[in-house]
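# Notes for the structure review
Residues per chain are reported as follows:
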Amino acid sequence: MNQPNVEVHSGTADLVAAAAAHFVAVVTKAQSERGSASVVLTGGGTGIGLLEMVRKSPGGIDWSRLDVFWGDDRFVPADDGDRNDLQARQALLDHVPLDPSRVHPMAASDGEYPDPVEAAAEYSAAVHAHLAEHGSFDLHLLGMGGEGHINSLFPHTDAVREEHELVVAVTNSPKPPPVRITLTLPAVRRTRHVVLVVGGEAKAAAVAAALNGAAPVDIPSAGAIGTESTTWLLDEPAAADLPR
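The residue numbers shown here count from 1 along each chain, following its written sequence. Confidence filtering applies because this is a predicted model: local features only for residues at pLDDT of at least 70, side-chain atom pairs given and counted only at 80 or more, and all residues used for totals across whole chains, interfaces and linings. Excluded from the side-chain calculations are hydrogens and water; all other atoms, namely the structure's heavy atoms, are used.

Under an unreviewed UniProt entry, the name given to the protein is 6-phosphogluconolactonase, and the source organism is Nocardia albiluteola. UniProt positions are given in the numbering used here, feature names are shortened, and annotations may be inferred rather than shown by experiment. You can read under Pathway (unreviewed entry) in the UniProt record for the protein the words "Carbohydrate degradation; pentose phosphate pathway; D-ribulose 5-phosphate from D-glucose 6-phosphate (oxidative stage): step 2/3." The UniProt entry for the protein carries this comment under Sequence similarities (unreviewed entry): "Belongs to the glucosamine/galactosamine-6-phosphate isomerase family. 6-phosphogluconolactonase subfamily."

### Brief notes about the side chain of Asp-235
You can see Asp-235 is positioned in strand 9 (residues 229–235). Burial classes: relative accessible area under 20% of the type maximum marks a residue as buried, over 50% as exposed, and values in between as partly exposed (1.4 Å probe, protein chains only). Neither His nor the chain termini are counted; the positive set is Lys and Arg, and the negative set is Asp and Glu. For this document, the term salt bridge refers to a Lys or Arg side-chain nitrogen within 4 Å of an Asp or Glu carboxyl oxygen. Salt bridges are absent for the buried Asp-235, whose nearest opposite-charge side chain, Lys-203, sits at 8.5 Å. From its side chain, Asp-235 meets the backbone nitrogen of Gly-200 in a polar contact 3.1 Å long. For helices the rule is a DSSP run of H or I covering at least 4 residues; for strands it is a run of E covering at least 2, with both sets numbered from the N terminus onward. As used in this structure description, the phrase polar contact means that two N or O atoms lie within 3.5 Å; if the pair is within protein, one of them must be able to donate a hydrogen and the other to accept it, and residues adjacent in sequence are counted only when both atoms belong to side chains.

### Overview of the layout of surface pockets
To find the voids left in a structure, one rolls a probe of water-molecule size over its atoms. In this analysis, the protein atoms alone were mapped onto a 1 Å grid. Cavities are point sets where a 1.4 Å probe fits without being able to get out; pockets are open sets with protein on both sides within 12 Å along at least five of seven lines; lining residues have an atom within 4 Å of a point. Grid points are joined across faces, edges and corners, and a volume is the space filled by probe spheres set on the points. In this structure, the largest pocket occupies an estimated 370 Å³ of space. Together, 23 residues line the largest pocket, and Thr-42, Gly-43, Gly-44, Gly-143 and Met-144 are the ones closest to its centre. For the lining of the largest pocket, the elements supplying multiple residues, two or more each, are helix 2 (44–56), strand 4 (72–74) and strand 8 (191–198). In terms of residue count, the dominant contributor to the lining of the largest pocket is helix 2 (five residues). Looking at side-chain class alone, the lining of the largest pocket contains six nonpolar, twelve polar and five charged residues. When residues are grouped by polarity, Ala, Val, Leu, Ile, Met, Phe, Trp, Tyr, Cys and Pro land in nonpolar, Asp, Glu, Lys and Arg in charged, and all others, Gly among them, in polar.

### Topic: the environment of Trp-70
Mapped onto the fold, Trp-70 is located in strand 3 (residues 66–70). Classification of Trp-70 by relative accessible area gives buried; the value is 0%. Note: C-alpha distance between Trp-70 and His-193 (123 residues apart in sequence) is 15 Å.

Here is the structure:
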């Protein structure tokens, strides 16, 4: 198991810039080595902010050779402003020449799969197909909540305990809206490079717990481990409980 890399940045702007730089570096290296690359996106202010920065400084990414997935999304109508898919498109995806067949949004509640369990199964099939061809995702971006949740994997829930399925439906999320679709820890661990981008003093205790070996059922972010690297990008408040 690789040891996590921890980078502490002075503030939000530096944190977002570092995350965007990781995005560009991983994608361009993967495309150079294997011809294509794949990323799993996250939402939230920082997750969307880094996409906006990548849009401004794409650093040689060949967008036509990039597969795009999401770590989770809210199971709400497609035009709901809380959708990670919609926010990512507005920030980056609608502004670069992606191959539409290589962009894989999770189903919305008013789409072809109105049952979240069926929607999760459909997304699982897309994930399995990608991994069967490519072996791993190249980059999985993750934010983290104050209690340590990543994607829609919350402490002490069935979803974070899942050991086999790569994608599941969440129907009782403790954070609204209650219905979501999420990649699981087994899916996160099918990624070469996992990057967690975390800011704010309210998350300091969970950061320290995750890096000190907490059980993923208690602190889900502790279970986010890449096959080649795991990087925690923190601002100074989020790193406040780490040893100096």
